[in-house]
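The residues making up each chain are set out below.
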Amino acid sequence: MRITQGCFSFLPDLDEEQIKAQVEYCLRNDWAIGVEFTDDPHPRNTYWEMWGHPMFDLKDAAGVMMELNACRKAHPDVYIKLIAFDSTRGFETVRTSFIVQRPKVEPHFAMTRTEVRGRTVNITLTERA
Amino acid sequence: METKVKEIKGKERYKSGVLKYAQMGYWNGEYEPKATDIIALFRITPQEGVDPIEAAAAVAGESSTATWTVVWTDRLTACDSYRAKAYRVDPVPGNPGQYFVYVAYDYILFEEGSIANLTASIIGNVFSFKPLKAARLEDMYFPPAYVKTFKGPPTGIVVERERLDKFGRPLLGATTKPKLGLSGKNYGRVVYEGLKGGLDFMKDDENINSQPFMHWRDRFLYCMEAVNKATAATGEIKGHYLNITAGTMEEMYRRAEFAKQLGSVIVMIDLVIGYTAIQSMAEWCRQNDMMLHLHRAGHGTYTRQKNHGVSFRVIAKWMRLAGVDHIHAGTAVGKLEGDPMTVQGYYNVCRDATTKLDLQRGVYFDQDWCDIRKVMPVASGGIHAGQMHQLLSLFGDDVVLQFGGGTIGHPMGIQAGATANRVALEAMVLARNEGRDIDAEGPEILRAAAKWCKPLEAALDTWGNISFNYTSTDTSDFVPTPVAAQ
């Protein structure tokens, strides 16, 4: 199944030019861009691994593309996303994030239903290959 | 505007009998509001022959300490400071007989952290006052000293996005339709289809509570099965606004607890439950990591007509202080009342760190929100995928766009309807970020995406030409050029 996290998962996978254009948008807004990767795309997996720190003080999108490609080379079959941080007071959070690499086979999630008191069902999501 | 009426002071002021409000000290054209004063801006229409300054003083009087006659017991108090002071009266441009009246209130007049107490004064008696034909509360200013007595939104835009792990685009929602009559099982079906198709949220409508066709526990159980199943099917956090509106607070708490037990990320209330109930539910949400969605049911009865009532921008300010995370704030392009710039004014009030005076958007004061969290505005009512460029351009990223009919009425089914909206949205955000002019190129961008997305093509073919071009009643008085004196 295609996991639909991130800003552009309903569009065809972005090509290099499209990714670069989004990076440039982030840089225009003065956001620091990070590269993160994981083999565990559970929707509650908040902390993907960081490919280095977010790139502060960067002016040129080429720098981000270089780091992204290095990450791809080291981890060719995992999820990778770009994530933009805004340090403006009152935001101080992620302002955009989108997937730029997917594994060849994406996992799916199984729902385990545990019937408890009354008609209530406790539900757990588990990743399956 | 100048008045010849001067305040009467000393012994003469307290002789039994009736004085003009302006004579009693409720008008002071030279008054400079203090940094701790709360300011209200009213639009008044005095009865024929009533002096606007005296009418302004009456508004100040009736919304603070005055009664119709002199009372000696005033003299037991520091009554000068308790009197609200009308200090500025401007004719409304283009509306003869109407005046903008600025009234300052000392902050001792209001209990901390209580919208009920604030509104009991500001919109208490004064709107029924006979010498006025009509009155409308246009805007309010709250000093930091007062803002800081409120906790504000329990979650706010930033934390909502972090919890949902959704950034960089508006959120998408839809209200389950038909709003009344579906059984719990059928209702949950609509929720599942919408969420699996690509929406972030589905929503109960304002009047879906616990009726004979679907009791609330059934609705909650089926909706949460649908939410979890859609989360599993997409790998993305999903939610459904479970409406916990009920006849008593006890029952609302009961419903909220059950929503929490089932793992819902959000609950919903209607504006008609009242300000105190809203603040109580905000407090509950704070204690229980829950987002609070507010449907503004009923507001049109007093916000729509320009000459009488309360502007929605004031309601939005009150609700940000009271502490809701979502508020329906209009679409501008949909089926419900809303002039685009006026609606943008409501959005700014919800989302700004500091709102700037902006007469064209109907914002009359600078307002520092003192780091109180931001409310996510919700655009809902008669909008569709073909308007995506307009919606994104008008409202930016921090908004929930809700396409009820525009999802469920899709010719290829609910999932296809949801997918059409999500694709339209992502294509438009992508194009905007690339630097394209979406106002001009919007339709073309949508058509390009529709070439590879059949559901979007069908949506554009079905609704592409639908628009609601009616004249708004609640528009800015300052559209051509800002003319009000500062």
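Residues numbered from 1 in each chain as written. Chains lettered and ligands numbered in written order. Predicted model: local features only at pLDDT ≥ 70, side-chain atom pairs only at ≥ 80, totals over all residues. Heavy atoms only, no water.

Quick look at the overall build of chain B
Of regular secondary structure, chain B possesses 18 helices and 15 strands. Over its C-alpha atoms chain B spans a radius of gyration of 25 Å, differing by no more than 12% from the 23 Å that the globule rule assigns to 486 residues. By principal-axis analysis of the C-alpha atoms, chain B measures approximately 80 × 50 × 35 Å. The long-range share in chain B, meaning contacts at least 24 apart out of those at least 6 apart in sequence, stands at 75%. Element-wise, carbon and sulfur atoms account for 51% of the exposed surface of chain B, whose accessible area totals about 18,200 Å². (Helix = DSSP H or I, 4+ residues; strand = E, 2+ residues; numbered from the N terminus. Rg over C-alpha atoms; globule rule 2.2 N^0.38 Å. Contact = heavy atoms within 4.5 Å. Areas by Shrake-Rupley, 256 points an atom, 1.4 Å probe, with all protein chains shown as cover.)

Quick word on the sheet that holds strand 5 (residues 171-175) of chain B
Residues and elements named next belong to chain B. Spatially, the 8 strands close up into a barrel ordered 5-6-7-8-9-11-14-15, and their pairing is parallel. When the angles between neighbouring strand axes are averaged without regard to direction, this sheet yields 25 degrees. Two strands pair when backbone bridges link them, and strand 8 (residues 266-270) and strand 9 (residues 291-295) are joined in this way by 5 bridges, in the parallel orientation. Pairing of Met268 across the sheet is with His293, part of strand 9. Across the sheet, helix 13 (residues 340-351) is in contact with strand 11 (326-328) and strand 14 (376-380); its angle to strand 14 comes to roughly 150 degrees. (Pairing = 2+ DSSP bridges. Axes fitted to C-alpha atoms, helices over the stretch in contact; angles between N-to-C directions.)

Comments concerning the packing of aromatic side chains
Residue and element names in this part refer to chain B. Summed over the entire model, instances satisfying the criterion amount to 23 aromatic pairs over all chains. Note on Tyr102 and Phe365: the rings are 5.9 Å apart at their centroids and 85 degrees apart in plane angle, and the pair reads as edge-to-face. Of the two residues, Tyr102 is situated in strand 3 (residues 99-105) and Phe365 in the loop between strand 12 (354-355) and strand 13 (367-368); the sequence distance between them amounts to 263 residues. Residue Tyr102 is classed as buried on the basis of its relative accessible area, which comes to 6%. Overall, Phe365 belongs to the buried group, its relative accessible area being 8%. (Phe/Tyr/Trp six-rings, centres within 6.5 Å; stacked < 30°, edge-to-face > 60°. Buried < 20%, exposed > 50% of the residue type's maximum accessible area, 1.4 Å probe, protein only.)

Description of the pairing of strand 4 (residues 93-101) of chain A
Residues and elements named next belong to chain A. Extensive coverage of strand 4 is indicated by the burial of 8 of its 9 residues. Of the strand pairs in this sheet, strand 3 (residues 79-86) and strand 4 are connected by 7 bridges, and their pairing is antiparallel. Its bridge partner lying in strand 4, Ile80 is registered against Gln101. Hairpin connection from strand 3 to strand 4: 6 residues lie between these consecutive antiparallel strands, with Gly90 at a positive phi of about 95 degrees.

A word on the confidence of the model for chain B
Mean pLDDT over chain B: 93, with 97% of residues reaching 70 or higher. Here the predicted complex scores 0.95 on pTM and 0.97 on ipTM. (pLDDT = per-residue confidence, 0-100.)

What to know about the nonpolar core
All names here are of chain B. In this structure, Phe42, Leu137, Met140, Trp318, Met319 and Leu456 are the most contacted members of the largest nonpolar core, which totals 166 residues. Considering every element that reaches this core, the biggest residue donor is helix 16 (residues 414-433), with 11 residues. What Trp318 contacts, discounting residues up to four positions off in sequence, is Ile115, Leu118, Thr119, Ile123, Leu137, Met140, Phe142, Tyr275 and Val310. (Core = buried A, V, L, I, M, F, W, Y, C linked by side-chain atoms within 4.5 Å.)

A short note on helix 6 (residues 156-164) of chain B
Counting buried positions along helix 6 of chain B yields 7 of 9 residues, so the element is predominantly enclosed. When we look at burial in helix 6 of chain B, the residues that qualify are Gly156, Ile157, Val158, Val159, Glu160, Arg161 and Leu164 of chain B.

With respect to the environment of Phe37 of chain A
All names here are of chain A. With respect to the element layout, Phe37 can be found in strand 1 (residues 32-38). The sequence separation of Phe37 and Glu106 amounts to 69 residues, and the corresponding C-alpha distance is 14 Å. Each residue touching Phe37, except ones within four places of it in the same chain, is listed here: Trp48, Glu49, Met50, Trp51, Cys71, His75, Val78, Tyr79 and Ile80.

Quick notes on the packing of helix 12 (residues 312-322) of chain B against helix 13 of chain B
When two helices pack together, their arrangement is given by the angle between the helix axes and by the axis-to-axis distance. Residue and element names in this part refer to chain B. Contact geometry for helix 12 and helix 13: axes closest at 9 Å, N-to-C directions at 15 degrees. The angle between helix 12 and helix 13 places the two elements in the roughly parallel class. Where helix 12 crosses over helix 13, the two elements pack in a sense that is right-handed. Here Phe312, Arg313, Ala316, Lys317 and Arg320 of helix 12 come into contact with helix 13, specifically with Thr342, Tyr346, Val349, Cys350 and Arg351. (Parallel < 35°, antiparallel > 145°, perpendicular 65-115°, else oblique. Left-handed = near helix turned anticlockwise from the far one by under 90°.)

Here we look at the pairing of strand 2 (residues 85-91) of chain B
All names here are of chain B. In terms of residue burial, strand 2 counts as a mostly covered element, since 6 of its 7 residues are buried. Note that strand 2 and strand 3 share 6 bridges and pair antiparallel. Residue pairing across strands places Asp90 opposite Phe100, the latter belonging to strand 3.

What to know about the interface of chain A and chain B
The interface of chain A with chain B comprises 37 residues on the first partner and 42 residues on the second. Here chain A meets chain B over a buried area of about 3,300 Å², counting both sides, of which 53% is carbon and sulfur. On inspection of chain A and its partner chain B, the count reaches 3 salt bridges. A salt bridge links Asp371 of chain B to Arg89 of chain A, with the nearest nitrogen and oxygen atoms 2.4 Å apart. A class-by-class count of the residues in the side of chain A that touches chain B yields 18 nonpolar, 11 polar and 8 charged. (Buried area = accessible area lost by both parts, 1.4 Å probe. Salt bridge = Lys/Arg side-chain N within 4 Å of Asp/Glu carboxyl O. Nonpolar A, V, L, I, M, F, W, Y, C, P; charged D, E, K, R; others polar.)

A closer look at the sheet that holds strand 4 of chain A
Residues and elements named next belong to chain A. Reading across from one edge, 2-1-3-4 is the order of the 4 strands in this open sheet, with antiparallel pairing throughout. Two strands bound the open sheet, and with one partner strand each, they are strand 2 (49-50) and strand 4. In the sheet, strand 1 pairs with strand 3 via 7 bridges, with the strands oriented antiparallel. Within the sheet, the bridge partner assigned to Ala32 lies in strand 3 and is Phe85.

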